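Next come the chains, spelled out residue by residue.
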Amino acid sequence: MKVVSPVTMRKMDQMAIEEYKVPGAILMENAGREVALAAKNLFERKNSGMSANKAKIAVFCGKGNNGGDGFVAARHLSNMGFGTTIYLIANPEDIIGDAGLNLKIVEEMELPIEIIGKSSDLSSIEEKIKESSIIIDAIFGTGLKGEVKGIARDVIELINSLKIPVIAVDIPSGISGESGKVLGTAIKAEETVTMGALKTGLLLYPGAEYAGNIKIADIGMPKIVEESIEAEAELLEDKWVASCFKAYPPDAHKGTFGKVFIIAGSQGMTGAAALSATAAVRSGAGLVTVGIPKSLDDILETKLTEAMKLPLAETSDRCLSLDALNTAIEFASTCNAVVLGPGISQKNETKKFVQQFILKCPVPIVIDADGLNALADNPDILKDISAPVIITPHPGEMGRLLNMTSAQVQEDRIGAARTAAKRFGCVAVLKGARTLIATPSNELFINPTGNPGMATGGSGDVLSGMIGAFLARSMEPHEAAASAVYLHGLAGDFAALDKTEIYLSAGDIINYLYKAFYKIKKEHQDV
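Visitor: Describe the overall build of the chain, naming the residues involved and giving the relevant values.
Guide: A count of helical and extended segments in the chain gives 22 helices and 19 strands. Across its three principal directions, the C-alpha atoms of the chain cover 85 × 50 × 45 Å. Taken across its 527 residues, the chain has 56% of its residues classed as buried. Summarising the internal contacts of the chain: among those between residues at least 6 apart in sequence, 70% fall at separations of at least 24. Roughly 21,700 Å² of accessible area belongs to the chain as shown, and the carbon and sulfur atoms make up 48% of that amount.

Here it is, written out as C-alpha cells:
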C-alpha cells in the first residue's frame, strides 16, 4: 500500500483538479461525508440503542481545507439527526475557497457556530463542549509546520483533557504529516479518517500513537492519479510479503533452499548465536552452519540440533581471532548468505576480523549488532564491499554509523534510513517501532507489525537469522529484509496475543513463526 508525504498528497490533489477536472469542492464534499459516516459508526458502536437526535457532536474547524472538511461533516451529521455544533478557531472572513463555500452553506442552514478567538471564548463554552458524545478535530491538516501556539493550543489541550472520543480529519491536529513529530501539542484521536492515501506521519511514532485507528477515505480521486504518483514509501502487507516466496518444487532438496553461514557468539554470548541459527533453520534455510570461537563449540553442540558448527580460531578471551579469517572466507564461499555479528563482542582483534571479512566476503551478507559496532570508526568501509549488504542497526547503532545521536536518528527516521542506504550502497534496516527498510535506489518500506514486548534481548538476533535464510533462498536483498522484518513482527504479535507482551521472549518469536508463515500462506497458496 502506498504511503505519501503531505507534499505528494498536495500534488495528487492538484493533479486531480487540474488534469482530470475534478472540482476541489467535490473532493472536499467526499472527504467530509466520509468523516460524518465514521462519526456515525463510532457513535453507534459506543452508544448501542441510543438515538442520534439525543446525541451532540462538536466539530472543531480551522480556517484551511481541513476546516472545510469539518464544515461538510457537520452538515451531513446534522442531516443524520445529530445535534451538531461547529467551533470555529478562525475569523470567518479569513476562510476562502472551497472551505469558504462550505462555511456559507452551514451558515445558511443555521447550524450553531461558536467562534473561539481567545481563551475567554473557550472557557465560556467549555461546559457545552463537555456534553458532546463525539468530537471531530478539523483544526489543522497535514501542512502544519510550526509549533502549535495560542488559542489553538488551548483548544487542543482542552479536548485532550475530556474523556470524549475524537475523530481526526486527515491527521490529528499538531502532528507533522511527514515525520509524525508532535509540534508542541497534538490531538489524541481514537480514530483518524485520512484522505486518499496513508501519510508517513500517521505511521511513524509518535504520530501513530496519536492517530488511533486509521481509515483511508475514498474521496473520488481518479485511480490513475494514485497509480502515476511516486509515493514516499510502501506499507508492507501480507500479499506483498507472500509474493516474495517461490513455491517449493516437488523435487526439492537441502541445496534448493540455500546454505547460511552465521558468524556469531563469544564468551557469555552463545545465546545470540543459537537464536540466530535457530531462526534461520525455522525460516526455511536448507543448511545452517554457525562459526563460533572454538572453545565454545561444545556449548553450541548442546544448544543446537539442526544447525551445524564450524569452530574458528579464537583469542585468549574466547572471541574470534584474526587467524580465523581465511577459514571463514573459504567456508563462506561455499554458502549462499552470511550473517555476521550476533554476540561476537567488541574486542579489538574481533573488530579487525570483521573489517577484513566483509571486504572479502564473496556472498550476500547481513551485518548486525557487534558486526556494525566494529565498523563505527570507519563505516565507509561498507562502500568497498563487492557483495550485496544488508545492515540492521537499532537507532544507537545507526547513530554511530552516521555520526549522529540516537535522538537525532529518531527525530528523522526516514531521513536516517535513506541516508545510510545511499551512503553505504546497501539495504538499511532501521529497527524500532515501525521498522524501516531503505534501499540505495530510494525505495522505502514501512513495517506495521510488531509490539513493545519484542524490545527484549535476542529479538534482533532472531531477525538477522531470518534475513540470512531468506537471502539464501535467492530473494533480492530488499525482499529478504522486508519480508523478514514483517514476519518477525507478525510472529511477535501472535506470541503477545497468547503470552502477553510482558512475558514475551526472543525464543517465543521463533516459536510463533509458524503462525506468521501460515497467515501469509493463505494470501499466496504457492508459499
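Now that the structure has been shown, the text picks up again.
Visitor: Talk me through the sheet that holds strand β9 (residues 213–217); I want residue IDs and the actual numbers.
Guide: Spatially, seven strands are ordered β4-β3-β2-β5-β6-β7-β9 in an open sheet, and the strand pairing comes out parallel. Two strands close off the open sheet at either side, each with one partner strand: β4 (113–115) and β9. Within the sheet, the average angular offset between the axes of one strand and its neighbour, ignoring direction, is 20 degrees. Across three bridges, strand β6 (residues 166–169) lies against strand β7 (residues 191–195) in parallel orientation. The residue bridging I167 from the neighbouring strand is E191, located in β7. Taken strand by strand, helix α5 (residues 119–129) contacts β2 (56–61), β3 (83–88), β4 and β5 (134–138), and its axis lies near 160 degrees from that of β3.

Visitor: Run through the environment of M80, naming residues and quoting values.
Guide: By the secondary structure assignment, M80 is in the loop between α3 (65–79) and β3. Separated by 350 residues in the primary sequence, M80 and L430 have C-alpha atoms spaced 46 Å apart. Sequence-distant contacts of M80, defined by excluding residues within four places in its chain, comprise A36, L37, K40 and A52.

Cut-offs and rules
- Residues numbered from 1 in each chain as written.
- Predicted model: local features only at pLDDT ≥ 70, side-chain atom pairs only at ≥ 80, totals over all residues.
- Heavy atoms only, no water.
- Helix = DSSP H or I, 4+ residues; strand = E, 2+ residues; numbered from the N terminus.
- Buried < 20%, exposed > 50% of the residue type's maximum accessible area, 1.4 Å probe, protein only.
- Contact = heavy atoms within 4.5 Å.
- Areas by Shrake-Rupley, 256 points an atom, 1.4 Å probe, with all protein chains shown as cover.
- Pairing = 2+ DSSP bridges.
- Axes fitted to C-alpha atoms, helices over the stretch in contact; angles between N-to-C directions.

Interpretation note: all reported values are geometric properties and have no functional meaning in isolation.
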